[in-house]
Amino acid sequence: MSGFDIRWLDLREPADRRARDAGLLAAALAAIHRAGTARVLDIGCGTGSTYRMLRTWLRSTVQWQLLDRDPRLLAEARRRHGGDALTFVEGDLAELERLPLEGAALVTASALFDLCSADFMARFVCRLRRAGVGLYAALNYDGEMSWSHRHPLDDEVVKSFNAHQSRDKGFGAAAGPDAWSILSDNLHAQDFRIMTAASPWILGGQDAELQRSLLDGIVEAVAEEGNLSAKDLQDWHAYRIAAITSPVSSCRVGHQDVLALC
Ligand SMILES: C[S@@+](CC[C@H](N)C(=O)[O-])C[C@H]1O[C@@H](n2cnc3c(N)ncnc32)[C@H](O)[C@@H]1O
């Protein structure tokens, strides 16, 4: 799978910040502060979005390890945060035994698990249990997408987009919209204490660029699925782009946050 665009990650970051469930975020921060050790491992870190979000509330003694397999994103994270007290790890999550989990206060992730397969999540949760480390996994896409200004093809487009989300993203067939519930079931089965909460993007006029980029991505994915005609898809796209600038227009993209503590 090709890497994630830095511009896309930057565009989504303000919406992610607003969307994170405040209760789960507070509980994750408290878990980090309670832990005797003060090391947090952020997996699939991208350019460091989760670190930027959490560091505001954390003691400066907390050490961060940012792990990603994409050297381009890690280089950008290093460029932005090279002076901070954190380390960067280039690594593939698929190599579970090599993950530096032992002794971590918490593992964090955002916008990651919908890329993963059910099989990977089962193995990952066993690995977490063995290391005795909890997980804060925010912003897992849950398959719900809707707009205040309806279009007759919305449901069909979302259905096709969700089918596309299940394509292999490097872990085998991705769990896509089902990821957060599969992850939660696995965590439950391994006796973690779990909390989940909805963390939807609510996008308005201030997110016009993010909405345009999202729509372009949806159209590309749905075209690859091939269930809608090119003409229908073009009409839907044109309608949605025009609606972005219309007053009181909004778009809701569903996510779920998951917190699992030992
Ligand atoms: C949607 S991005 C989210 C990035 C960041 N957490 C954020 O919220 O901006 C998913 C991230 O997971 C990383 N990733 C995907 N598969 C991975 C793997 N097998 N091992 C390590 N990182 C992976 C990607 O390189 C990318 O940085």
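Per an unreviewed UniProt entry, the protein goes by the name Class I SAM-dependent methyltransferase and belongs to Pseudorhizobium endolithicum.

Caption draft 1: Seen up close, the overall build of the protein. Check the secondary structure of the protein and you find 9 helices and 8 strands. At 19 Å, the protein has a C-alpha radius of gyration in line with the 18 Å of a compact globule built from 262 residues. C-alpha extents for the protein along the principal axes are approximately 55 × 35 × 35 Å. Out of the 262 residues in the protein, the part that is buried amounts to 53%. Long-range pairs, those at least 24 residues apart, make up 80% of the contacts in the protein with a sequence separation of at least 6. Total accessible area on the protein is roughly 11500 Å²; 52% of this is exposed by carbon and sulfur atoms. Taken as two groups, the 29 positive and 35 negative side-chain charges of the protein have centres that lie 6 Å from each other.

Caption draft 2: Quick peek at the pattern of salt bridges. Applying the stated criterion across every chain, the model contains 20 salt bridges. Salt-bridge contacts for Lys 231 lead to Asp 235; the nearest nitrogen and oxygen are separated by 2.6 Å. With a gap of 4 residues between them, Lys 231 and Asp 235 both fall in helix α9 (residues 230–244), about one helical turn apart. Judged by relative accessible area, which is 35%, Asp 235 ranks as partly exposed. Three or more residues joined by partner-sharing salt bridges are found here, namely Asp 10, Glu 76, Arg 79 and Arg 80.

Caption draft 3: Seen up close, the site of the ligand. As a matter of local geometry, the ligand sits amid 18 residues, with Gly 44, Asp 68, Asp 92, Leu 93 and Ser 110 nearest to it. For the ligand, an oxygen atom lies 3.4 Å from a polar atom in the backbone of Gly 46. Residue Arg 69 places a main-chain N or O atom 3.4 Å away from a nitrogen atom belonging to the ligand. Protein contacts shield 98% of the accessible area of the ligand, which totals 590 Å² for the unbound molecule. A breakdown of the residues in the shell around the ligand according to their chemical character gives 9 nonpolar, 5 polar and 4 charged.

Caption draft 4: Unusual backbone geometry, seen in detail. In the Ramachandran plot, Ala 111 falls in the positive-phi region, its phi being about 50° despite a non-glycine side chain. Tracing the backbone shows Ala 111 in the loop between β4 (106–110) and α5 (118–131). Looking at Ala 111, the relative accessible area reads 25%, which means it is partly exposed. In this structure, Asp 191 takes a positive phi of about 65° despite not being glycine. For Asp 191, the location among the structural elements is in the loop between α7 (179–189) and β6 (193–198). Judged by its relative accessible area of 62%, Asp 191 is exposed.

Caption draft 5: Region of the structure containing the packing of aromatic side chains. As enumerated under the stated definition, the model contains 7 aromatic pairs in all. Seen in terms of ring centroids, Phe 113 and Phe 124 are 5.5 Å apart; in terms of plane orientation they differ by 45°. Their pairing is tilted. A residue pair is termed long-range when its members are at least 10 positions apart, and Phe 113 in the loop between β4 and α5 and Phe 124 in helix α5 qualify at 11 residues. Per residue, the accessibility class of Phe 113 equals that of Phe 124, and both read buried. For the ring pair Trp 147 and Trp 236, a centre distance of 5.5 Å and an interplane angle of 80° mean the geometry is edge-to-face. Highlighted residues: Trp 147 in strand β5 (residues 135–147) and Trp 236 in helix α9, separated in sequence by 89 residues. Note on Trp 236: relative accessible area 0%, which makes it buried. An aromatic cluster is present here, built from Phe 113, Phe 120, Phe 124 and Phe 171 joined pairwise through their rings. For the cation-ring pair, Arg 129 lies above Phe 192, with the distance from its terminal atom to the ring centre recorded as 4.3 Å.

What counts, and at which threshold
Residues numbered from 1 in each chain as written. Predicted model: local features only at pLDDT ≥ 70, side-chain atom pairs only at ≥ 80, totals over all residues. Heavy atoms only, no water. Helix = DSSP H or I, 4+ residues; strand = E, 2+ residues; numbered from the N terminus. Rg over C-alpha atoms; globule rule 2.2 N^0.38 Å. Buried < 20%, exposed > 50% of the residue type's maximum accessible area, 1.4 Å probe, protein only. Contact = heavy atoms within 4.5 Å. Areas by Shrake-Rupley, 256 points an atom, 1.4 Å probe, with all protein chains shown as cover. Lys, Arg positive; Asp, Glu negative; His and termini not counted. Charge placed at Lys NZ, Arg CZ, Asp CG, Glu CD. Salt bridge = Lys/Arg side-chain N within 4 Å of Asp/Glu carboxyl O. Near = heavy atom within 4 Å. Polar contact = N/O pair within 3.5 Å; in protein donor to acceptor, adjacent residues only side chain to side chain. Nonpolar A, V, L, I, M, F, W, Y, C, P; charged D, E, K, R; others polar. Phe/Tyr/Trp six-rings, centres within 6.5 Å; stacked < 30°, edge-to-face > 60°. Lys NZ or Arg CZ within 6 Å of the ring centre and 35° of its normal.

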